[in-house]
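Examination of the molecular architecture
Below, each chain spelled out in residue letters.
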Amino acid sequence: MSTPSDTRIAIYPGSFDPLTNGHVDIIERGSRIFDSIIVAILANVEKTPLFSELERVEILREVFKGRPNVKIETFNGLLVDYAKQKQAHVIVRGLRAVSDFEYEFQMALMNRHLEPALETVFMMPAEQYTYISSRLIKEVFTLGGEITGLVPPVVEERLREKAKGRRQKAK
Ligand code: PNS
């Protein structure tokens, strides 16, 4: 399928295990700048992700229902190949703190090496989300900490369902 060359399609790739309010903030900012933004969930990133690929797709679709220019998909393999297939010219990544910079800089330059026409654009989330990461959400939730306001309500619900399921299994 061809798209008009002036249609600005961006890809926001990640693991989203789970989706946080920091991710939501970046997706909303991106959706205001680009004609469409494809949230691309890396399939099978970990051998044992907390949420399956399908669960992550369902969560993201639920959060962004009614936002026609936000599309939720999964991808495998090299991001640059997927971007080419989607006729996207931009990769969006969020930068929370200086500590993100080194990894993001390496990835952006490797992607540029692989596909010079693909540009990486970094966006900053609102300050209140700068300390949130999927890894910390998982840890805090598992240890009984409060995560309300840090993830969309549907993520909190699904986390609670998962924890309940695990407790019942352990009985
Ligand atoms: O949310 P994450 O885990 O930081 O996202 C990392 C992601 C998915 C953007 C990165 O691992 C990726 O693009 N993987 C696809 C494989 C690939 O293209 N690797 C080379 C990147 S330089």
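Residues numbered from 1 in each chain as written. Predicted model: local features only at pLDDT ≥ 70, side-chain atom pairs only at ≥ 80, totals over all residues. Heavy atoms only, no water.

1. Digging into the packing of aromatic side chains
- Summed over the entire model, instances satisfying the criterion amount to three aromatic pairs.
- Taking the centre distance of 5.1 Å and the plane angle of 25 degrees together, the rings of Phe101 and Phe105 count as stacked. Of the two residues, Phe101 and Phe105 both sit in helix H4 (residues 98-114), four residues apart, roughly one turn of that helix. (Phe/Tyr/Trp six-rings, centres within 6.5 Å; stacked < 30°, edge-to-face > 60°. Helix = DSSP H or I, 4+ residues; strand = E, 2+ residues; numbered from the N terminus.)

2. A few points about the sheet that holds strand S1 (residues 9-14)
- Read from one edge of the open sheet, five strands run S3-S2-S1-S4-S5, paired in parallel fashion. Every interior strand has two partners, whereas the edge strands, strand S3 (70-75) and strand S5 (119-123), have only one. Each adjacent strand pair in this sheet contributes to an overall mean axis angle of 30 degrees, direction not counted.
- One ladder, built from six bridges, connects S1 with strand S2 (residues 36-42); its direction is parallel. Its bridge partner lying in S2, Pro13 is registered against Ala40.
- The strands touched by H4 are strand S4 (90-94) and S5; relative to S4, the strand with the most contacts, the crossing angle is about 170 degrees. (Pairing = 2+ DSSP bridges. Axes fitted to C-alpha atoms, helices over the stretch in contact; angles between N-to-C directions. Contact = heavy atoms within 4.5 Å.)

3. Remarks on the packing of helix H2 (residues 53-63) against helix H6 (residues 153-170)
- Running from amino to carboxyl end, H2 crosses H6 at an angle of 150 degrees, the nearest separation of the two axes being 10 Å. Facing Glu55, Glu58, Ile59, Glu62 and Val63 of H2, the residues of H6 in contact are Val154, Val155, Arg158 and Lys162.
- Per-class residue counts for the contact of H2 with H6 are four nonpolar, no polar and five charged. (Nonpolar A, V, L, I, M, F, W, Y, C, P; charged D, E, K, R; others polar.)

4. Here's the deal with a nonpolar patch on the surface
- A surface patch of nonpolar side chains, about 400 Å² in accessible area, is lined by Val98, Phe101, Phe105 and Leu109.
- In this structure Phe101 comes out as partly exposed when scored by relative accessible area, which is 40%. (Patch = residues over 30% accessible without salt bridge, like charges linked within 9 Å, V, L, I, M, F, W, Y side chains within 5 Å. Areas by Shrake-Rupley, 256 points an atom, 1.4 Å probe, with all protein chains shown as cover. Salt bridge = Lys/Arg side-chain N within 4 Å of Asp/Glu carboxyl O. Buried < 20%, exposed > 50% of the residue type's maximum accessible area, 1.4 Å probe, protein only.)

5. Observations regarding the nonpolar core
- With 33 residues, the main nonpolar core has Ile27, Leu60 and Val92 as its most contacted residues.
- Listed by contribution, the elements that provide at least two residues to this core are S1, helix H1 (21-33), S2, H2, S3, S4, helix H5 (134-142) and H6. (Core = buried A, V, L, I, M, F, W, Y, C linked by side-chain atoms within 4.5 Å.)

6. As for the pattern of salt bridges
- All chains considered together, the criterion is met by 13 salt bridges.
- We note a salt bridge from Asp25 to Arg29, for which the minimum N-O separation is 2.6 Å. Placement of the pair is Asp25 and Arg29 together in helix H1, with a separation of four residues, close to one helical turn.
- On the basis of relative accessible area, Asp25 is assigned to the buried category, the value being 10%.

Any functional reading would require information beyond the geometric quantities listed.
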